Every structure is written in C-alpha cells, then in structure tokens.
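One-letter residues, chain by chain:
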Amino acid sequence: MIQSDKGADPPDKDMKLSMTTNPENGLSQILRLVLQELSLFYSRDVNGVCLLYDLLHSPWLRALLKVYDCLQEFKEKKLVPATPHAQVLSCEVMELLRETSNSPEIQELRQTLQAPHFKALLSAHDTVAQKDFEPLLPPLPDNIPESEEAMRIVCLVKNHQPLGATIKRHEMTGDILVARVIHGGLAERSGLLYAGDKLVEVNGVSVEGLDPEQVIHILAMSRDTIMFKVVPVSDHPVNSQKTVYVRAMTEYWPQEDPAIPCMDAGLPFQKGDILQIVDQNDALWWQARKISDLATCAGLIPSKQLLKRKQREFWWSKPYQPHICFKSTMYKEEFVGYGQKVFIAGFRRSMRLCRRKSYLSRRRASVCCAGGCYSAVGAPYEEVVRYQRRPSDKHRLIVLVGPSGVGVNELRRQLIKFNPSHFQSAVPHTTRSKKSYEMDGCEYHFVSKETFESLIYSHRMLEHGEYKGHLYGTSVDAVQAVLDEGKICVMDLEPQDIQVARTHELKPYVIFIKPSNMSYMKQSRKNAKIITDYFVDMKFKDEDLQEMEELAQKIETQFGQFFDHVIVNDNLQDACAQLLSVIQKAQEEPQWVPATWISSGTES
Ligand SMILES: Nc1ncnc2c1ncn2[C@@H]1O[C@H](COP(=O)(O)OP(=O)(O)OP(=O)(O)O)[C@@H](O)[C@H]1O
C-alpha cells in the first residue's frame, strides 16, 4: 500500500477550502463530508484510508470537482444577456473614450471595439439577445385600389433561396399562372402562393402580355424580396395523397431532358436511389426528395407513366442489339476445400473465365435471354417500405453477386468458416446419379430430370445450369430449409437470377462484390488461383482482371438497382469484416424492401 505523507496538510484545512467554494448539495460538499469522515480514521492509520485521503486531497481532483460544480451551477442558470443592445453600448463607450486621455490601454480598447470581427460579434450577440431572427418585410403599398379586393399581395424574402415555384402561360387566356409550388421551397413554406394563382404584378411590374421567360427574368433580378400581386385560385389544390417511397429502377438526369418544365427544379437520381414522393397531383411530373437528403426542398421527377414512355422511346431509338445475358453458372461435381478434402454443399467451380476462350462460350454468353433478365422497359419505380425483421422472423437470404473471379465464393467460404452454425449454403439439386459415398440431401438432392424440370417450370428453382448432360441448381425449398433451421443462408447468384429470388418468402438482401482497381488487383491476386474446368489452379492474367473489371461495370449498370450494398473486395480480411457487419445490419436494422413483400400489418 502507498503510505500517505504525514507531513501533508491536516484534514481540517482541506475542509475549510472545500466549504468556502461549495454550493449547497454540490459534489465538493459531498467530498467535504467524505474527508470529514476520513479524518477520523486518518489518525488511526487504517489500511487504505491514507491513500484515499491523499487522493481526495489532491489538488487536481479538487480543481476538477470545482469545475464540475461551476458547470452544474451554470447549467441550472437561465442565461439572460446583460444588455440586448451591446452595439449601442459599444458606440457610447467609443464616444467616452474620445474624451479621455490617450493611454496605451485606451488605444487598445478603441482598436478592439472598432475591429470588424468584434463589431460582427456584437451584432450577432444583439440578434440573439433580441431574438430578432425574422427578416424585415417592406411595408405593403398603401395605394391598393378598392376594386382589387380579390387580389392578394404576397411579399417573400429570398434569403438567397430559389422561389420554389414554376410558372406557365395559360393556353387560352395568355395569363401567367403559378404552375406548381415545390414542396419545402420558399413559396410553399410561406403558405401564400398556390398552383393556379394568376400573377398580375411582380415587383410592381405588370406581367400582362409578358412571356414566362420575361417574368422569370424579373424574378431573377430581384435581390432580397419579391412582391407578387396575384389573383388567388378559387380552390387551391389540397395534397391529400400519402407520401410514398420508391426505389428508382432506372436513372434520370434532368439536364439531359429537354421536356422537363423547369430544369433547375429537376431532381437527378441513379438506379437504386430511394425517393420520397411527396406530390403526384400532376399526371406527368411528380415531386420527390432523396431519402439521403430529406431536409432539402423537393425536385421534379417524371411520373411513372411518363418515365415508362421515355424508356420505351429510348429503347426503340437504339439500333438493335442482342441483349447480353450474364448467365454463365455451370456446375462442377464438387468443391475441394483448402487443403482439406472437404465437400461444402452449394459451392461450384468457376468455368466462366476459361470458357471465355472458347468459341462455344462466346456463343453462349451472348445468347438472347428468353425473359429471365431484367427488362430494360420494366417499372421505373418500385414502391418500397421500411422493413425491420423481428427476432421471430426467418433470416433474410443473403445473395452475393459479382463478376467471375472477384471472390464471391472465397467470401462465402470465409463467412461459413467463421461461423458454420450461423451461416450455411443451400444444398443444390442434381439429376446425375448418386455416387457410393454420397448421401441424398447432403452433397446434393438427387432427383430425376422430370422432377428437376418440374421445379424449373413451377418457378421453384432460383438458378440452374447444365454440366456434362446433367442439370444442377438451387431450389427455393433448399434455401428455405436453411432458413427454417434459424440459420442465415448465403448464396451466390448470377445477376439475372436476382429477380427470381426477390420474393416475399426469401426477402433477399443483395450484396454486390466489386473488384478493386487494376493495380491493386494485380498485386493482391498475385498468388490467387482460378479453379476452372480445364486448367485447375490457373493463375489470373492481366486480361482476366481486365475482363473482371469490365464485367463488373456492366453488371452494375444493368442490375445496380437491385443491390442493397456494394463491397469492394480489395483486402480479403477487410472485405470479410465488412460482409459480416453488413449481414448483421441486414438482419437486425430496418431496411427498404419492396412494398409487395410486406403485408400492411408489418409495415413500419
Ligand atoms: N481479396 C482477395 N485477395 C486475394 N485473393 C483473393 C481475394 N478474394 C478472392 N481471392 C482469390 O481469388 C480467387 C478467385 O476467387 P473466387 O473463387 O472466390 O472467385 P468467384 O468470384 O467465386 O469466381 P467464380 O465464380 O468464377 O469462381 C481465389 O483463389 C481466391 O482465394
């Protein structure tokens, strides 16, 4: 035990010190009482007491507690400014200083009070003290004729914001009307301008006979405030629609769309963005925000019908190109694990890279897909809701997607190795005959060709392929069997098969595994091997990595809307850690899922 220095201050001195600085019920007060108590033991030299005494007696602890007390006191106090007119006070002081002798201190004070940053500080202080946050509106004109009773004078302070409304000319009357008021914009927040209001004057200038562009010019010229004289629309539209959330299944760039009513008001979005649709009153142009940016005012997006039409027009305007299908899953008999001769059901050997070299592969890889692939003119928006998996619900299926060789199987293998009781692959089906050492339902579900085909026709196969005349594939039921055991089923899918898996039953969470940049890939894949059908343990060549990068880009462009998360597989350990954390979030945190997956009772 550390002995206390008996030559230290006697206990009562300490008590005095703490008593003089203590507020009632403060922590220092408590400390004082503890010291008082301890002082009784101090003289008896009880083990540990002296150490405690020294600790409580230490100047740093006392200083800390004093600070704590001050802060507590400060927290309870309601702060009131000494004066709400610090600027005026400063001017008065300056006046007084002018009359006094010019000592160095006075000079310094004068300089301080005149410094621009100090003046700005006092101005900010006064604004806060007077709670003077609202901008001052100019007075209304007092020469409003009696006959203009039906008019409304609207004065808006711009504060460097756009107006948040668009205008148009009425086709028949030529009147300039407010076409739409943007949600969350200046006009909407004022509650004074509505779609359909007729503009009579802007900043005192009559808009009669003017083009919308000329009116916009007047609006653009106004600096701080805009004054409108409007004839209010008789029945201003009430937005009774509920807010809807959608996933963008396509991208949209307002700058490239000459048909948008107001380019600046357009909201650009990319595939997979979640949009909050706040207004669908117009059949052609909706108003929406990105959920990543809900604080901003809404923007214009094409309605579902309009975007579909645009997609169709774009589709027909393109020269005919056979639709490239990424399908390349081919099954190999079994997977031999790292060093150990273990079979892990659901793993396959890759033949994608080596098949590239054969004529057959080229022919197969570019066949037109019979409809399994995502249609380029499919629904442009998919309604989504927040889904929070309850602990009693089955886990969501985890789907890994990526170009051949990127490491999809490696990551899946690492995951299962990390926690085999938690993560599992589904047992695939095959039509080949069972070998003597195999057990049905262990390595494969051994089924007849007829059974396999009926599973395909009844849409119970998530993916399937052919190898040496035999069919191989993974069924929905095989995945369900893993989920029924309370485990997380992890599988890899070709991108065009994602659609098949996107069901209420499986609620897949799709993770895209992306290659890192070429130079890093070259470095990190130096010793990596591609397990192929023809060359076992073939090393990656530069052209393989190049192809992987190109394919990744194509997959992302065509199927990016289905990805819930993207992981760049550069460092294997980092990618594994990311994968684990993402899977945990997918299972435990609320996620956006298609509304059709969720019955109204479970929507949050
Ligand atoms: N981050 C990484 N760093 C280094 N090597 C890696 C990394 N990820 C994967 N590899 C190695 O790259 C090779 C190919 O990986 P893997 O077999 O998982 O590819 P894949 O995406 O499943 O492709 P395929 O479906 O064609 O087999 C393996 O040797 C694997 O160990």
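Structural data are supplied above this passage.
Please read all numbers here as calculations on a predicted model, not as lab measurements.

Engineer: Just to check I follow, could you spell out the environment of V233 for this structure?
Structural biologist: By the element assignment, V233 lies in the loop between β6 (225-231) and β7 (244-248). Each C-alpha atom, one on V233 and one on G196, is 5.3 Å from the other, the two residues being 37 residues apart in sequence. Each residue touching V233, except ones within four places of it in the same chain, is listed here: Y194, A195, G196 and D197.

Engineer: Explanation requested: the pattern of salt bridges in the structure shown.
Structural biologist: Should the charged atoms of two oppositely charged side chains come close, the side chains can pair. A full pass over the atoms with the stated rule returns 22 salt bridges. With its nearest N and O atoms 3.9 Å apart, the salt bridge here joins E453 to K449. With E453 and K449 both in helix α14 (residues 449-457), this residue pair falls four residues apart, about one helical turn. By relative accessible area, E453 is classed as partly exposed at 27%. Judged by relative accessible area, K449 falls into the partly exposed class, the value being 46%. Residues joined by salt bridges that share partners form a network here, namely R247, E382, R502 and D564.

Engineer: Quick question: what am I supposed to make of the sheet that holds strand β9 (residues 285-290) here?
Structural biologist: The strands making up a sheet associate through hydrogen bonds between their backbones, and the pairing can be parallel or antiparallel. In space, the six strands of this open sheet follow the order β10-β9-β8-β7-β11-β23, with antiparallel pairing throughout. The strands lining the two open edges of the sheet, one partner per strand, are β10 (299-302) and β23 (591-594). For this sheet, the mean inter-axis angle between neighbouring strands, taken without regard to orientation, is 50 degrees. Note that β9 and β10 share four bridges and pair antiparallel. Among the inter-strand pairings, W286 is bridged to a residue of β10, identified as I301.

Engineer: Can you help me understand the nonpolar core in this one?
Structural biologist: What tends to happen in soluble globular proteins is that the nonpolar side chains get buried as a cluster. Grouped together as the largest cluster of nonpolar side chains are 27 residues, with contacts concentrated most on I398, L400, I511, I513, L579 and I583. Counting only elements with at least two residues in this core, the list comes to β12 (398-401), α13 (408-418), β18 (488-492), β19 (509-515), α17 (518-524), α18 (542-559) and α19 (572-588). When sequence neighbours within four positions are dropped, the list of residues in contact with I513 reads L400, V401, G402, P403, V406, V408, L411, I567 and N569.

Conventions adopted
- Along every chain, residues carry numbers that run from 1 in the direction the sequence is written.
- Local features are withheld for residues below a pLDDT of 70 in this predicted model, meaning they are given only at 70 or higher, and side-chain atom pairs are given and counted only at 80 or more; totals for whole chains, interfaces and linings count all residues.
- The side-chain figures draw on all heavy atoms in the structure; neither hydrogens nor water molecules are used.
- Comment: elements are numbered from the N terminus, with helices defined as DSSP H or I runs of at least four residues and strands as E runs of at least two.
- Throughout, a residue-residue contact means that at least one pair of heavy atoms, one from each residue, lies within 4.5 Å.
- For this document, the term salt bridge refers to a Lys or Arg side-chain nitrogen within 4 Å of an Asp or Glu carboxyl oxygen.
- Residue burial is assigned from relative accessible area. The probe radius is 1.4 Å, only protein chains are included, and a residue is buried under 20% of its type maximum, exposed over 50%, and partly exposed in between.
- Strands are labelled as partners when DSSP assigns at least two bridges between them.
- In this analysis an axis means a line fitted to C-alpha atoms, helices contributing only their contacting stretch, and an angle means the value between N-to-C directions, from 0 to 180 degrees.
- For the purposes of this section, nonpolar cores are sets of buried Ala, Val, Leu, Ile, Met, Phe, Trp, Tyr and Cys residues that join through side-chain atoms within 4.5 Å.

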